[in-house]
Amino acid sequence: MTQLEEGKILIHTENIFPIIKKAVYSDHEIFLRELVSNGVDAINKRRMASIAGDCIEGDEGKINVSINRELKTLTISDNGIGMTSGEIKKYINQVAFSSAEEFLEKYKQSNDGFIGHFGLGFYSSFMVSKNVEIITKSAVKDSQAYKWSCDGSPNFKLETCEKETIGTDIVLYLMEEEEEYIEASRIKTLIKKYCDFMPIEISVEGETINQRNPLWKKNKADLEDKDYIEFYKYLYPFQGDPLIWIHLNTDYPYSLQGILFFPKTTGRADWEKGEIKLYCNQVFVSDSIKEVVPRYLLPLRGVIDSPDIPLNVSRSALQTDRKVRSIGNFISKKIADRLKSIKNEDPKFYSEIWDSIAPFIKIGAMDDDKFADQVEDLMLYSTTRNVEKDEKNKDDETLISSTNNVYTTMKGYIERLENNDNKIIYSTDEIAQSEALNLWTSQNKEVLKLETVIDSQFIPWLEERNKDIRFIRVDSELDDILKDDTPEITNKDGISESDKLKKLVSEALNNEKVTVQVQSLKGDNSPAGLILLPEQMRRINDIGALMEQKIPGLPEYHVLIVNKKHPMVEGMLRLDTSSLIIGSSETTKSNNITKELAINLYEMAKLSIGGLQSSEIARLQKSNADLIGKLLLKVK
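Criteria and cut-off values
- Residues numbered from 1 in each chain as written.
- Predicted model: local features only at pLDDT ≥ 70, side-chain atom pairs only at ≥ 80, totals over all residues.
- Heavy atoms only, no water.
- Pairing = 2+ DSSP bridges.
- Helix = DSSP H or I, 4+ residues; strand = E, 2+ residues; numbered from the N terminus.
- Axes fitted to C-alpha atoms, helices over the stretch in contact; angles between N-to-C directions.
- Contact = heavy atoms within 4.5 Å.
- Polar contact = N/O pair within 3.5 Å; in protein donor to acceptor, adjacent residues only side chain to side chain.
- Phe/Tyr/Trp six-rings, centres within 6.5 Å; stacked < 30°, edge-to-face > 60°.
- Lys NZ or Arg CZ within 6 Å of the ring centre and 35° of its normal.
- Buried < 20%, exposed > 50% of the residue type's maximum accessible area, 1.4 Å probe, protein only.
- Arc of directions from axis to C-beta.
- Salt bridge = Lys/Arg side-chain N within 4 Å of Asp/Glu carboxyl O.

(A) Expanded view of the sheet that holds strand β22 (residues 529-532). Read from one edge of the open sheet, 3 strands run β21-β23-β22, paired in mixed fashion. With one partner strand each, in any of the chains shown, β21 (514-519) and β22 form the two edges of the open sheet. This sheet shows a mean twist of 25° between the axes of neighbouring strands, independent of strand direction. Where β21 and strand β23 (residues 558-563) come together, 6 bridges link them in parallel fashion. Across the sheet, residue Thr 515 finds its bridge partner in β23, namely Val 559.

(B) Structural context of the environment of Gln 211. Residue placement: Gln 211 occurs in the loop between β9 (207-208) and α6 (225-235). In this structure the C-alpha to C-alpha distance between Gln 211 and Ile 200, which are 11 residues apart in sequence, comes to 9.3 Å. Beyond its immediate stretch of four places on either side in the chain, Gln 211 contacts Lys 192, Asp 196, Phe 197 and Tyr 234. Side chain to side chain, Gln 211 and Tyr 234 meet in a polar contact 3.5 Å long.

(C) Main features of the packing of aromatic side chains. Under the definition given, this model contains 26 aromatic pairs. Ring centres 5.5 Å apart and planes at 75° place the aromatic pair Phe 122 and Trp 148 in the edge-to-face group. On the criterion of sequence distance, the pair formed by Phe 122 in the loop between α4 (100-109) and β4 (129-137) and Trp 148 in strand β5 (residues 145-150) is long-range, its members being 26 residues apart. Among the aromatic side chains, those forming a connected cluster through ring pairs are Tyr 194, Phe 197, Trp 216, Tyr 228, Phe 231, Tyr 232, Tyr 234, Tyr 236, Trp 245, Phe 261, Tyr 279 and Phe 284. Lying over the aromatic face of Tyr 91, Lys 45 brings its terminal NZ or CZ to 5.9 Å of the ring centre. In this structure, Arg 301 packs its charged tip against the face of Tyr 236, placed 5.5 Å from the ring centre.

(D) Examining α6 more closely. For α6, the set of buried residues is Tyr 228, Phe 231, Tyr 232 and Leu 235. All buried residues of α6 fall inside an arc of 100° around its axis, so they share one side. For α6, the exposed residues lying more than 90 degrees away from the buried face are Lys 226 and Glu 230.

(E) Quick look at the pattern of salt bridges. All chains considered together, the criterion is met by 36 salt bridges. When the shortest N-O distance is used, the salt bridge between Lys 188 and Glu 207 registers 2.7 Å. On the criterion of sequence distance, the pair formed by Lys 188 in helix α5 (residues 184-195) and Glu 207 in strand β9 is long-range, its members being 19 residues apart. Two residues, Lys 192 and Asp 196, come together in a salt bridge whose shortest N-O distance is 3.4 Å. Note on Lys 192: relative accessible area 31%, which makes it partly exposed. Judged by its relative accessible area of 3%, Asp 196 is buried. Residues joined in a network through salt bridges with shared partners are Glu 29, Glu 180, Arg 186 and Lys 193.

What follows is the structure, encoded as structure tokens:
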């Protein structure tokens, strides 16, 4: 072995190695990704050079990782193009990258402000090694083999050596605290994580580890549904089948491939970090891509592979990069196009998956005006309209039936409104608001069911976007179509039964925050009492609860509708009237029972909308039993 040279690595600062070891990468394991990536590049270079006749053609490219437990070394070997002594001096001895001083200064300030530091490549090996050797032989005919070594200081040694095969071996003498990397299981895990879809076969101790052929690089015309489903299950084990997927492929104005999946609703979604995996030329970079795709798409799953996403920049710079923003817009449009084609080609299937994809669409529309325009006609709303029972609905293309629901578009709902009405009636809880909901539907009024947490923000956004409509919850006000407007008879003093009932109930409740109104409500199943929560007042109450991170309760100020036509109310009025013509002791008892009935009516109205606490419900059960007992005793 002949020593050719000793010297110092040409760098702009003496302290690059401490920076590499401690600051450049937040995870030391990245070194393996970098070294394997270099090996893949070397194999590709040999392939291209041999085609041009500039070097010896080799066998099929392969990278092998071997472990020596006694020496505590890890060796990454490739059969790529190798290096001459001149190339070692150029590519290894000169650490060359743009704006070196500023780059290093930035790393001193932040340990995790950068992602995917491709470019330092080989020097990442010093994060885990006390000494590194390169044993290489160029594929250029009759080349000499060379050995380069460095102990982690700027000092290196270059000498000739013997090597039978063309290619490069990187030998890492691991530091004591990094000896986890002599465990084969650990190395296999890292190969699967970072190098699974690299185009070159990668083996550990002779066992092939990586998949090699990523689905996103294939022509979607050659793929079947089962291929996508199997790929999804490979990426996300035990997550079931995906709902739908979008195959991305563009070469201009940037190169991007990938496959994105809409997962089935699981009750959780990561709106902060995301679950989409970012690759660069089939090399895994990160599973946090919130700087690349819009926030509303983060809970999607799948892969985005692009060499045009700048990796050697800070996350803040990535967020403002014009090309990155363009990539985000491209992905959003492709998703909108895919959803549009599904809705047009198979509206029933689209309605079946709507509840799962709705959060992405609604949040996306609120976040992004351009995306809102793209998906405006794709938004569905669950409706009380029954397609089967109403003949005139059967030809309405804006109504779509799924297995359990009927959906409409907003345009379709508005077109069905009569008399230029601009009120959109909706419910947010079919059970809690059932009495008010039934009141509207009994009069053939179509009601939209907006029952998700997102809808509390989505409704005001819709109103802002469509100035000529307003949303009215079923329990916020009474429409004329719900009231029986038959004229009332008054007595000689001009007092009607409604006046008596209002006074009776108001005195019983003795609560100035509750406004009592008496109405004759239509419908055989209309309730005895109904609490109304004026729309704007209730929204303010809900916002306050949201800011305090609690469930919205019943606002202190609300309206109690007493249904004069209900048998309970009619009986309560008769009982109150009869008490005027019986003895004084009986009068007191009847008055007390009438008061208890009025309070019971109010409490039952509160119960129906979830306005009672657990202790209040227990108290109501007891008072109901006591009240029924008192009424039965009055039966002669």
